[in-house]
Amino acid sequence: MTRDVVVHPDARVLAESVAARLLTHLVDVQSHRSPVHVVLTGGTVGIASLAAVAASPVRDAVDWSGVHLWWGDERFLPEGDPDRNETQARDALIDALGDALPVENVHAMPALSDDVPTPEAAADAYAQTFAAAGSPAFDVLLLGMGPDGHVASLFPGHEALAVTGRPTVGVHGSPKPPPERVSLTYDAIRGAREVWVVAAGAEKAQAVASALRGAPVDTTPAAGALGTERTLWLVDIAATETLGTPAALSTTTAAFPAAPETASELWTHVDHYFSVLTPEDAALVDTRHAATAGGLPDIAVAPNQGKLLQLLAQATGARRILEIGTLGGYSTLWLARALPEGGHLTTLELEPEHARIATESLAQAGVGSFVDVLVGPAADTLDSLIAEETEPYDLVFIDADKQSIPRYLEQTLALTHPGAVVVVDNVVRGGAVIEPDHADERVQGVRAMVELLTRHPRYDATVVQTVGTKGYDGFALLRVLG
Ligand SMILES: O=C1O[C@H](COP(=O)(O)O)[C@@H](O)[C@H](O)[C@H]1O
């Protein structure tokens, strides 16, 4: 993942530039998507940029009724406190917009009150507000950055940095007053399409340099702020002082790859580099977010893996696809989009709540009419499909309980035709699969699959190891023989 860096002469020009970019971006996005979700930041340049938006005549080109405002963090203080980011944003911009911006579009983080007595309560309430709005992908997420490299209220060394599986977190002991805060988590920040980090002043130079050189997020939280489509650093010259003068900085724009610290970071960087080939559209991002908001485990395929499945389905001309293990419907959507007119996909899910979330996402993505989500133990559902003499499937994707893989493979034979393709996911398991006595029954399930395939007359197979954002794993590719 590279970060684009744009350097400005000083903090005043920077704020004007952020405002101009934001207004142009809003108008641009509104030409093809609505509503638009923007996350505001507090901080010196953040608030100055909002004032510049208010002062710009271009603000009238934006349809503010289609803009929703969120916050990346909040100082946990009573409503109206002048130190609240919300209060400052209202003074700088929101009040000036008046009726043009509907009050229900302003999603401020809850203030300290008798009903919301702790940062955790405020974080929970904000997470609910976000989920109730459909957990939208933020179009632009603005982040100020402190001299210590903090973004939102994610401070160096704080436990909030490690919080995953939820969009918000209560923060205590902030080194910058006030000590209690509410913040978006990395999960929420990294779900944004575009992340714009704004920083001005020599006191930020060290943190800017560390973040752009890929320092660990634990010491420089800003290094971990990445957008799914773009990460843009908008800085002034003073804030680039310690960057030296790399050739790229002699112009106003530079692209900085973050240096990886570990092998898995490198894999992630490489996945990000190639992600231009496998962009997620809004429906895929929404499907992923709905799964996260619903508390589903983060074990869906990565975008590049989803695209691989899609390409396989297209290359084999699959008209009927069977998926064993729906989860939130993310891989389902990649596969469903490979189907030609009149094609069909059947996906099997054990958990009713997972199936409900997937069904909703698939309907919203426009594929619900040709995708059936069948709920219950997959082995039973497969038996029913066999008993019903269901028309054979052309491609099967198995991504469910690994201990049952051998059984699923035998059942698959009764549901496919010679030449059909089967993909079995997660068969390397960080390399654990080579240990004969491994205690994990999922590992034993994969080993039983290999045992079965070595002597099976009707399967031809290979396994490919993979590394990437999902760690070290791999998939088996099988062809059904006659
Ligand atoms: O406390 C905060 O500080 C940061 C950065 O503020 P700055 O004045 O150094 O620019 C800000 O991004 C964050 O939203 C805010 O709560």
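Residues numbered from 1 in each chain as written. Predicted model: local features only at pLDDT ≥ 70, side-chain atom pairs only at ≥ 80, totals over all residues. Heavy atoms only, no water.

## A look at the overall build of the protein
Now for step 1: Scanning the protein for helices and strands turns up 14 helices and 17 strands.
Now for step 2: Within the span of the protein, comprising 482 residues, buried residues form 53% of the whole.
Now for step 3: Only carbon and sulfur atoms are counted for the fraction: they give 55% of the accessible area of the protein, which is about 20,200 Å². (Helix = DSSP H or I, 4+ residues; strand = E, 2+ residues; numbered from the N terminus. Buried < 20%, exposed > 50% of the residue type's maximum accessible area, 1.4 Å probe, protein only. Areas by Shrake-Rupley, 256 points an atom, 1.4 Å probe, with all protein chains shown as cover.)

## Some remarks on the layout of surface pockets
Now for step 1: Empty space within the second largest pocket amounts to approximately 950 Å³.
Now for step 2: Lining the second largest pocket are 46 residues; nearest its centre among them are Ile299, Asp399, Ala400, Lys402 and Asn426. (1 Å grid on protein atoms, 1.4 Å probe; cavity = no way out; pocket = protein on both sides within 12 Å on 5 of 7 lines; lining within 4 Å. Points joined across faces, edges and corners; volume = space filled by probe spheres on them.)

## Some points on the pattern of salt bridges
Now for step 1: For the structure on display, the rule yields 18 salt bridges.
Now for step 2: The salt bridge partner of arginine 407 is aspartate 383, with a shortest N-O separation of 3.4 Å. Of this pair, arginine 407 sits in helix α13 (residues 405-413) while aspartate 383 is found in helix α12 (residues 378-387), placing the two residues 24 residues apart along the sequence.
Now for step 3: We classify arginine 407 as partly exposed; its relative accessible area is 45%.
Now for step 4: The class for aspartate 383 is partly exposed, based on a relative accessible area of 36%.
Now for step 5: With its nearest N and O atoms 2.7 Å apart, the salt bridge here joins arginine 442 to aspartate 440.
Now for step 6: Each of Arg33, Asp139, Arg193 and Glu229 takes part in salt bridges that share partners, so that together they form one network. (Salt bridge = Lys/Arg side-chain N within 4 Å of Asp/Glu carboxyl O.)

## Quick word on the nonpolar core
Now for step 1: Residues Trp64, Leu141, Leu143, Met145, Leu184, Ile189 and Trp233 are the most contacted members of the largest nonpolar core, which totals 77 residues.
Now for step 2: If you tally residues by element for this core, the top one is helix α1 (residues 11-30), at 7 residues.
Now for step 3: Beyond its immediate stretch of four places on either side in the chain, leucine 141 contacts Val39, Leu184, Ala188, Ile189, Ala192, Glu194, Val195 and Trp196.
Now for step 4: Counting residues in hydrophobic clusters, the runner-up holds 29 residues, among them Ile398, Tyr408, Val433 and Leu453. (Core = buried A, V, L, I, M, F, W, Y, C linked by side-chain atoms within 4.5 Å. Contact = heavy atoms within 4.5 Å.)

## Focus: the sheet that holds strand β15 (residues 416-425)
Now for step 1: The strand order across the open sheet built from 7 strands is β13-β12-β11-β14-β15-β17-β16, with neighbouring strands paired in mixed fashion. Unpaired on one side and paired on the other, β13 (371-375) and β16 (459-468) mark the two borders of the sheet. Pairs of neighbouring strands in the sheet enclose a mean axial angle of 15°, with direction left out of account.
Now for step 2: Across the sheet, helix α7 (residues 263-274) lies against β16 and β17 (471-480), angled at about 100° from β16, the strand it touches most. (Pairing = 2+ DSSP bridges. Axes fitted to C-alpha atoms, helices over the stretch in contact; angles between N-to-C directions.)

## As for unusual backbone geometry
Now for step 1: With an omega of -5°, the peptide bond between serine 34 and proline 35 qualifies as cis.
Now for step 2: Here proline 35 is to be found in the loop between α1 and β2 (36-40).
Now for step 3: Look at the link from proline 177 to proline 178: it is a cis peptide, with omega at -5°.
Now for step 4: Structurally, the position occupied by proline 178 is in the loop between β6 (168-171) and β7 (181-184).
Now for step 5: For glutamate 389, which is not a glycine, the phi torsion comes out positive at approximately 55°.
Now for step 6: You can see glutamate 389 is positioned in the loop between α12 and β14 (393-398).
Now for step 7: For glutamate 389, a relative accessible area of 70% puts it in the exposed group.
Now for step 8: Even without being a glycine, asparagine 426 presents a positive backbone phi close to 60°.
Now for step 9: Mapped onto the elements, asparagine 426 comes out in the loop between β15 and α14 (441-454).

## With respect to the site of the ligand
Now for step 1: Near the ligand lie 14 residues; those nearest to it are Thr44, Asp73, Arg75, Lys176 and Lys204.
Now for step 2: Note that an oxygen atom of the ligand is positioned 2.6 Å from one of the side-chain N or O atoms of threonine 44.
Now for step 3: Arginine 75 is positioned with one of its side-chain polar atoms (N or O) 2.9 Å from an oxygen atom of the ligand.
Now for step 4: Coverage of the ligand by the protein chains reaches 93% of its 390 Å² of free accessible surface.
Now for step 5: For the shell around the ligand, the class distribution of residues is 2 nonpolar, 7 polar and 5 charged. (Near = heavy atom within 4 Å. Polar contact = N/O pair within 3.5 Å; in protein donor to acceptor, adjacent residues only side chain to side chain. Nonpolar A, V, L, I, M, F, W, Y, C, P; charged D, E, K, R; others polar.)

## Focus: the pairing of β6
Now for step 1: The side-chain alternation of β6 yields two buried faces, one formed by Thr168 and Gly170 and the other by Val169 and Val171.
Now for step 2: With 4 bridges connecting them, β6 and β7 associate as antiparallel partners. Of the residues in β7, the one forming a bridge with valine 169 is serine 183.

## A few points about the side chain of asparagine 426
Now for step 1: Among the polar contacts listed, one links the side chain of asparagine 426 to the side chain of lysine 402, at a separation of 3.1 Å.
Now for step 2: Not counting the four nearest positions on each side in its chain, asparagine 426 is found in contact with Asp399, Lys402, Val446, Asp473 and Gly474.

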